[in-house]
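Commentary on secondary and tertiary structure
Chain by chain, the residues run as shown.
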Amino acid sequence: MAANDVDVFANEEKRNLELGGHVGFDSLPDQLVSKSVAQGFCFNILCVGETGIGKSTLMNTLFNTTFENEEASHYESEVQLRPQTFDLQESNVNLKLTVVHTVGFGDQINKEDSYKPILEYIDAQFEKYLEEELKIKRSLYNYHDTRIHICLYFIAPTGHSLKSLDLVTMKKLDSKVNIIPVISKADTVSKGELDKLKIKIMSELVSNGVQIYQFPTEDEAVAEINSSMNSYLPFAVVGSVDDVKVGNKMVKARLYPWDQYRVMENENHCDFVKLREMLLRVNMEDLREQTHARHYELYRRCKLEEMGFKDTDPDSQSFSLQETYEAKRKEFLVELQRKEEEMRQMFVNKVKETEAELKEKEKELHDRFEQLKRMHQEEKKNLEEKRRELEEEMNAFNRRKVAAETLMGQALQGCSQPFKKDKDKKKLTCQTVSQAGALLFTYDWSHRCSHHVQCG
């Protein structure tokens, strides 16, 4: 390019380009709103409280509808969680609402592990979302998010403080979910007692380190109302599904013989209106955001750390996901081989111990068999000896018996022959009788001895 041309360009004035119209990126929020409305929203509520405390009634009153819910009994052997999902619509906004009831909570004699099924359910929903995130083909856009956004913990107004079950359960749940404590059936206590109960509950929560959900005050638009609502915690609520005519309109209220208790109209009667405003109108999106950014991220971080993943290596350099996976896989295989070797060694030791025990038992049985064999031989020898003696006695007895029968025969023959002299007759008769008596005595003694041997 020539020097003259350069001077010409240098002398020309710089042009200012002006926009011919509106750029339009300030419509991005409107685009997000339209997209979100078209997609719809989901909101999940966990109701924790004893059976019959008014959880279902409050949900019906809160959304001004009647949800189908099976009535629970007081005889559940363990705590069960029963989720129900409903599709609601207000104006052109669709809401997929999931209400989870804790069936049987607080009904068991041993309430030590009543909170465990609740923790397991919350972790299971986190695990499902994490599995969806780790898939190769994810579908988070239309994924039904079942993570719990808010836990309404129902407190019975039956005492002057919290039960140990309430403190333990809320302490276990505060790192998993946003907790808002509510005093159910607040119409059963007087205004003064209710204020004292609120102060006592908050004092016990603070002293035991229980972190409940605080309405955010960072946004100037809602800072004032949220700040004032934090002072009303825990909310004293009353639920009702009965429509009562007050003036010219129908309102939700409870009728008593002396008066009516307005639930949805009079804020001096209970904090139901405050709870509805804070939960649904003002802070619903913050509850959803806190669930994802705080509770789910904590679970996700702990889970990935358990799996061996990390953000940076000790030298603060970037790392490869494939290398991390391979390293974790090798570590897992080494650990698996170690456990397999331990189990194999344990099995070998167990087999050796069992063989030693069997050998010991076999030796004991052999010794016992030899002892019984010796005892059998000795008894057999004694029986043979007794049998021989018995046979000898029987032979002797038979000989004596034959001799006695012979003598008796001779005596009978002698009695039938005539004797010459009476003296000889008398003498012979006496001798025969004496011999026969002796033989009979011998026969009787032998018979008794034989009977004694057989019985003995």
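Residues numbered from 1 in each chain as written. Predicted model: local features only at pLDDT ≥ 70, side-chain atom pairs only at ≥ 80, totals over all residues. Heavy atoms only, no water.

1. A look at the overall build of the protein
Operational definition: Helix and strand assignments follow DSSP, with helices taken as H or I runs no shorter than four residues and strands as E runs no shorter than two, numbered in order from the N terminus. Under the scheme applied here, a residue whose accessible area is under 20% of the maximum for its type counts as buried, over 50% as exposed, and between as partly exposed, the area being computed with a 1.4 Å probe on protein chains only. It only takes one pair of heavy atoms within 4.5 Å for two residues to be counted as in contact. Areas reported here follow the Shrake-Rupley algorithm with a probe of radius 1.4 Å; residue values treat only the protein chains shown as occluding.
Check the secondary structure of the protein and you find 11 helices and nine strands. Expressed as a percentage of the 456 residues in the protein, the buried residues total 30%. For the protein, long-range pairs separated by at least 24 residues make up 67% of all intrachain contacts whose partners lie at least 6 apart in sequence. When the accessible area of the protein is evaluated, it comes to approximately 31,900 Å², of which 52% is carbon and sulfur surface.

2. Quick notes on the pairing of strand β1 (residues 41–48)
Short version of the rule: By definition, two strands form a pair when at least two bridges between them are found by DSSP.
Most of β1 sits out of view: seven of its eight residues are buried. Pairing geometry for β1 and strand β3 (residues 93–103), over seven bridges, is parallel. Pairing of Asn-44 across the sheet is with Thr-98, part of β3. Relative to strand β4 (residues 150–155), β1 runs parallel, the two sharing four bridges.

3. Things to note about the side chain of Thr-98
Cut-off, in case you're wondering: Between N or O atoms, a polar contact is any pair within 3.5 Å; within protein, one atom must be a potential hydrogen donor and the other a potential acceptor, and residues adjacent in sequence are included only when both atoms are from side chains.
With respect to the secondary-structure elements, Thr-98 resides in strand β3. The buried category is assigned to Thr-98, whose relative accessible area is 5%. Within polar-contact distance, the side chain of Thr-98 engages the side chain of Thr-85 at 3.1 Å. Beyond its immediate sequence surroundings of up to four residues, Thr-98 is in contact with Phe-43, Asn-44, Ile-45, Pro-83, Gln-84, Thr-85 and His-144.

4. A word on the sheet that holds β3
Note the following rule: In this analysis an axis means a line fitted to C-alpha atoms, helices contributing only their contacting stretch, and an angle means the value between N-to-C directions, from 0 to 180 degrees.
Read across the open sheet, the six strands follow the order β2-β3-β1-β4-β5-β6; overall the sheet is mixed. Strand pairing shows two members of the sheet lacking a second neighbour, β2 (80–90) and β6 (235–236), which therefore form its edges. Sheet topology places strand β5 (residues 179–183) next to β6; two bridges connect them, and they run parallel. Residue Val-182 lies in a different strand from β6, and its bridge partner there is Phe-235. In this fold helix α4 (residues 116–133) packs onto β1, β2 and β3, with an angle of close to 50 degrees to the strand it touches most, β2.

5. Thoughts on a nonpolar patch on the surface
Selection criterion: Patches in this entry comprise residues that are over 30% relatively accessible and not in a salt bridge; like charges within 9 Å are linked, as are nonpolar side chains (Val, Leu, Ile, Met, Phe, Trp, Tyr) within 5 Å. Any carboxyl oxygen of Asp or Glu that lies within 4 Å of a side-chain nitrogen of Lys or Arg is treated as forming a salt bridge with it.
Taken together, the side chains of Phe-332, Leu-333 and Leu-336 define a hydrophobic patch exposed on the protein surface, amounting to about 280 Å² of accessible area. Positionally, Phe-332 belongs in helix α10 (residues 321–416). When its relative accessible area of 52% is taken as the criterion, Phe-332 is described as exposed.

6. Observations regarding the nonpolar core
The condition is simple: For our purposes a nonpolar core is just a set of buried Ala, Val, Leu, Ile, Met, Phe, Trp, Tyr and Cys residues, chained together by side-chain atoms within 4.5 Å.
Counting residues in each nonpolar core, the largest one holds 68 residues, and the members touching the most others are Phe-43, Ile-45, Leu-46, Met-59, Leu-152, Ile-180 and Phe-235. Setting aside residues no more than four positions away along its own chain, Leu-152 makes contact with Ile-45, Leu-46, Cys-47, Val-48, Met-59, Ile-180, Val-182, Leu-275 and Leu-279.

7. So, unusual backbone geometry
Residue Pro-234 follows Leu-233 across a cis peptide bond; omega there is -5 degrees. Mapping Pro-234 onto the fold places it in the loop between α7 (220–230) and β6. Phi angles above zero are rare outside glycine, and Ser-91 is one such case at about 60 degrees. Its identity is not glycine, yet Lys-185 carries a phi of approximately 50 degrees, on the positive side. Along the chain, Lys-185 turns up in the loop between β5 and α6 (191–207). The partly exposed category is assigned to Lys-185, whose relative accessible area is 39%.

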